[in-house]
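Inside the fold
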Amino acid sequence: MVTRRELLTALSSLVTVRLKPDTTSEGSASSYVASALRRTVDAAASMRFGYAAITWGPALAQAMDDIAAVGFRGIQLRGEAFAQFGDRAAALREALQRHQLTFVALSSGNLSIDPAREREELATHVRHAQFVRDAGGLFLQVIDERPKGRAIVPDDYRRLGKLMTELGKRTADLGVPLVYHHHMNSLGERPEEVAAVLDAADRKYVRVLFDVAHYQQGGGDPVAALRTYKDWIEVLHLKDVRAGGAGGSGAAYQFVELGRGRVDLPGVFAALREINFGGWAIVELDRVPDPGRTPKESAEINKRFLIEQMHQTI
């Protein structure tokens, strides 16, 4: 899947091509343009891999050092980035450029459907989108906030879809597309809930950050969902999930490095090839799953899996 932005980039790059007409059929101006377009679109359609800084917590400098050293080309940041660089986005942009890292997305936090909080919620996420724009980032990610203390009703999904559409219109005005991250313990937890939310959203303004492990743990089939939502998906989260937590914590599940859980990752990559996904795939862990391992070591495990098992180029 080539996104609108990538296709426009591909087409605009052809404007600068100096045509050299030839008398041979293979060297005609039209075939030269067609060949250049194919090469550009093919390049745009190749998946790019980044890594989420969440496992480093507030140590953003260390996260940038480690992620770049392991060899990933992009980074996803969280609220710590806004707290540390909110009034000096240019400094973050320069730091990322030194590390040759693309600022793929900012995790902007939760979006509540509480009407009393709507104005405040929209203002907060718009400020974050301005920060993303100023720091040279690409996307703003939101997760919804499941209402507590009452039963969920169909109107909750509709309200979330409409609220995200309104937010997406405002971030689009800033040049920053909105991506919705379906998530455990949110309105968009189970497959039918994800579908209900997206049914109420405008795909022009709300795109999807698809997380293979959250969808799996929510009771869905991520391989099938990639095909179902191929026209929605802008960014991908790659991680694995296994039953239980470390050290007898009593948790029902634990997110782990790629290949160490029950997500059908070969099927995931087959589906990504089938739908021609050409966006950013961000490897993400909420925390390092095993005691004694560093965030960088987990990143190295994930990279080895992608290269050796999935035959990807990082």
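Because the structure is a prediction, the values reported are computed rather than measured.

Conventions used here
- Residues numbered from 1 in each chain as written.
- Predicted model: local features only at pLDDT ≥ 70, side-chain atom pairs only at ≥ 80, totals over all residues.
- Heavy atoms only, no water.
- Helix = DSSP H or I, 4+ residues; strand = E, 2+ residues; numbered from the N terminus.
- Contact = heavy atoms within 4.5 Å.
- Phe/Tyr/Trp six-rings, centres within 6.5 Å; stacked < 30°, edge-to-face > 60°.
- Lys NZ or Arg CZ within 6 Å of the ring centre and 35° of its normal.
- Pairing = 2+ DSSP bridges.
- Axes fitted to C-alpha atoms, helices over the stretch in contact; angles between N-to-C directions.

**Remarks on the side chain of H214**
Secondary-structure assignment places H214 in helix 9 (residues 212-217). Excluding its chain neighbours within four sequence positions, the residues that come into contact with H214 are H181, H182, H183, M184, K239 and F255.

**Side note on the packing of aromatic side chains**
Counted by the stated rule, this structure contains six aromatic pairs. Feature note: the residues Y51, W56 and F72 constitute an aromatic cluster, connected by ring pairs. Lying over the aromatic face of F255, K239 brings its terminal NZ or CZ to 5.0 Å of the ring centre.

**Remarks on the environment of A52**
In this structure, A52 sits in strand 1 (residues 48-52). Each C-alpha atom, one on A52 and one on E284, is 5.0 Å from the other, the two residues being 232 residues apart in sequence. Setting aside residues up to four positions removed in sequence, A52 forms contacts with I67, Q76, I282, V283 and E284.

**What to know about unusual backbone geometry**
Positive phi is not limited to glycine here, since N185 has a value of about 65°. Relative to the helices and strands, N185 is located in the loop between strand 5 (178-181) and helix 8 (191-199).

**With respect to the sheet that holds strand 7 (residues 233-238)**
Reading around the circumference, 1-2-3-4-5-6-7-10 is the order of the eight strands in this closed barrel, with parallel pairing throughout. Shown here is a sheet whose adjacent strand axes are inclined to one another by a mean of 30°, direction ignored. Bridging between strand 4 (residues 139-144) and strand 5 involves three bridges; their strand directions are parallel. For V142, the partnering residue across the bridge sits in strand 5 and is Y180.

So far we have only geometry, and geometry alone does not tell us how the molecule works.
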